[in-house]
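Structure assessment
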Amino acid sequence: MANMASRERVRKAINFEEPDRVPIDVGGTKVTGICIDAYCDLIRHLDMDVGLPTVYEQFGMLGRIDEAVRERLHSDVIELENPSEAWGLENRDFRPWKTGVGNDVLMPGNFNPVVDNDGYLYIRDAEGNPLAFMPAQNGLYFERACVTTMSAEIAKMDPKVWQQSIPLYKDEHLRMLEERGRSLHEHTQYSIHGGFLRGMMGSNGIFAGHTIADWLCVLATERDYAFSILQATAERNVENLKLYLQAVGDCIDTILISGTDFGTQGGELFSPGIFRDLYIPNIKRMNDYVHEHSHAKTMYHSCGAVFDLIEHFIEAGIDILNPVQVEAANMDARRLKERFGGRIVFWGGGVDTQKTLPHGTVQDVQDQVHERTEIFAPGGGYVFAAAHDLQYGVPPENILAMVDAALESGTHRAQAPGAAPGCD
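Just so we're clear, the structure is a prediction, and the values are computed from it rather than from any experiment.

Within the secondary structure, Gly410 is located in helix H14 (residues 396-415). Overall, the relative accessible area of 2% leaves Gly410 in the buried class. Each C-alpha atom, one on Gly410 and one on Thr373, is 6.8 Å from the other, the two residues being 37 residues apart in sequence. Apart from residues lying up to four places away in sequence, Gly410 is in contact with Asp20, Arg21, Val22 and Thr373.

With that settled, the discussion passes to the nonpolar core. Ranked by internal contacts, the top residues of the largest apolar core, which has 108 residues, are Tyr244, Ile255, Tyr279, Phe313 and Met402. Broken down by element, this core gets its largest block of residues, 12 residues, from helix H8 (residues 223-248). Non-local contacts of Ile255, meaning those with residues more than four positions away in its chain, are made with His193, Gly194, Phe196, Leu241, Tyr244, Leu245, Val290, Ala296, Lys297, Thr298 and Met299. Within the second largest apolar cluster, 12 residues are counted, among which are Leu256, Met299, Val383 and Ala385.

What the rule picks out here adds up to 19 aromatic pairs. Both rings, one in Phe262 and one in Phe313, keep their centres 6.4 Å apart while their planes meet at 50°; by these two values the pair is tilted. Of this pair, Phe262 sits in the loop between strand E11 (254-258) and helix H9 (272-293) while Phe313 sits in helix H10 (residues 307-315), and the two are 51 residues apart along the sequence. Each member of the pair, Phe262 as well as Phe313, carries the same accessibility label: buried. Grouping aromatic residues by their ring pairs yields a cluster made of Phe59, Trp87, Trp97, Phe111 and Phe142. In this arrangement the basic side chain of Arg70 is found over the ring face of Tyr190, its NZ or CZ atom lying 5.3 Å from the centre. The side chain of Arg124 reaches across the aromatic face of Tyr122, ending 4.8 Å from its centre.

With that out of the way, let us pick up the sheet that holds strand E10 (residues 191-194). The 7 strands are arranged E3-E10-E11-E12-E13-E14-E15 in an open sheet whose pairing can be described as parallel. If you trace the sheet from one side to the other, it starts and ends with strand E3 (77-80) and strand E15 (382-383), each paired once.

This paragraph deals with the side chain of Thr353. Along the chain, Thr353 falls in the loop between strand E14 (345-347) and helix H12 (356-359). A polar side-chain atom of Thr353 sits 3.4 Å from the main-chain carbonyl oxygen of Ala387.

Our next topic: the sheet that holds strand E8 (residues 130-135). Here 4 strands make up an open sheet; going across it, the order is E6-E7-E8-E9 and the pairing antiparallel. At either margin of the open sheet sits one strand with a lone partner, and together these are strand E6 (114-115) and strand E9 (143-144). Pairing of strand E7 (residues 120-124) with E8 involves 5 bridges; the strand directions are antiparallel. When the sheet's bridge partners are listed, Arg124 is paired in E8 with Pro130.

Definitions and cut-offs
- Residues numbered from 1 in each chain as written.
- Predicted model: local features only at pLDDT ≥ 70, side-chain atom pairs only at ≥ 80, totals over all residues.
- Heavy atoms only, no water.
- Helix = DSSP H or I, 4+ residues; strand = E, 2+ residues; numbered from the N terminus.
- Buried < 20%, exposed > 50% of the residue type's maximum accessible area, 1.4 Å probe, protein only.
- Contact = heavy atoms within 4.5 Å.
- Core = buried A, V, L, I, M, F, W, Y, C linked by side-chain atoms within 4.5 Å.
- Phe/Tyr/Trp six-rings, centres within 6.5 Å; stacked < 30°, edge-to-face > 60°.
- Lys NZ or Arg CZ within 6 Å of the ring centre and 35° of its normal.
- Pairing = 2+ DSSP bridges.
- Polar contact = N/O pair within 3.5 Å; in protein donor to acceptor, adjacent residues only side chain to side chain.

Nothing here speaks to function; it is geometry throughout.
What follows is the structure, encoded as structure tokens:
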């Protein structure tokens, strides 16, 4: 089988065909990225002069992968970044900033956090209200600033008010997306991932003014109201999807619709029945729109134990599940492949990011990558990635061991007799 370009390789995998090797993704999406301080450690270890690294997604403090680093990581995916990712910060006019652990990086020009009396950096809106905060010393990530209890107004926010609060793409940003999407499509061979992810579709963070705990209570006690909020979110997302796909629908292979976690380490956050009744109709509406207006596959990110929701994911038209947290309850890799293989793409799960990757030896990492690849790769429907963004403190040696083992294992599988029937 001739070597494929990255784009063809990923397209085969997400269409349940076996490519020339397992596709690899490191830094190609917001949910398979690498935190900026870990990225700084990596480029120092590689002794690569790539200039000051850029933080392109400021909530997760994710670093933009430079081309030389992407090649070393064997990555087949590149993200079409939003011109604005967090808190209205525009990704332009970048200027130097020092992270909490002392790395010199580039941040957007309108990134101006202020140290308060409590020793935290605060990002505030135009009225001075806190949006996010981080410890000024040794801080790694921003936390959302949100209420801890619901006011009467928040508890019953009008769905239409909530819908209008989700911003639509600006014309200027759509033009920028269209130009960059076309450039990536014409001048690279990477599979292009659309980092859409506009209105939140679930319980993370502030949802219509609710905290996670409050939203779970609303789901259980005020189902009609909860459905109306989810419906308003889906309607606004379809408005944004129309704008987005008109600009870049011909360029992207995958699109990130939701980053909402529906599971914990030990189980689902709420019953599959609630998910079926309240979420599926609204998720399906968004997925149907994407499928009717582009060839892109829809990607949903949910950490935790979600085994009992995956059948509903498939019913709702979700094409790709990330991060495939195998270490969570009921998420055994073989069981996932046997039950859902060929019906939903597994994008992730290649190595445990909680224990093995940060704390294991190089051999531990290699062994787990080989094992996971052998489980998930047969028949296609698998893109190798770690089971979440790569965090600060992961040894660079382990990151390199991960991607090299994925390359070796994925190539070995494809070259085995009968591994990829139908390929030339």
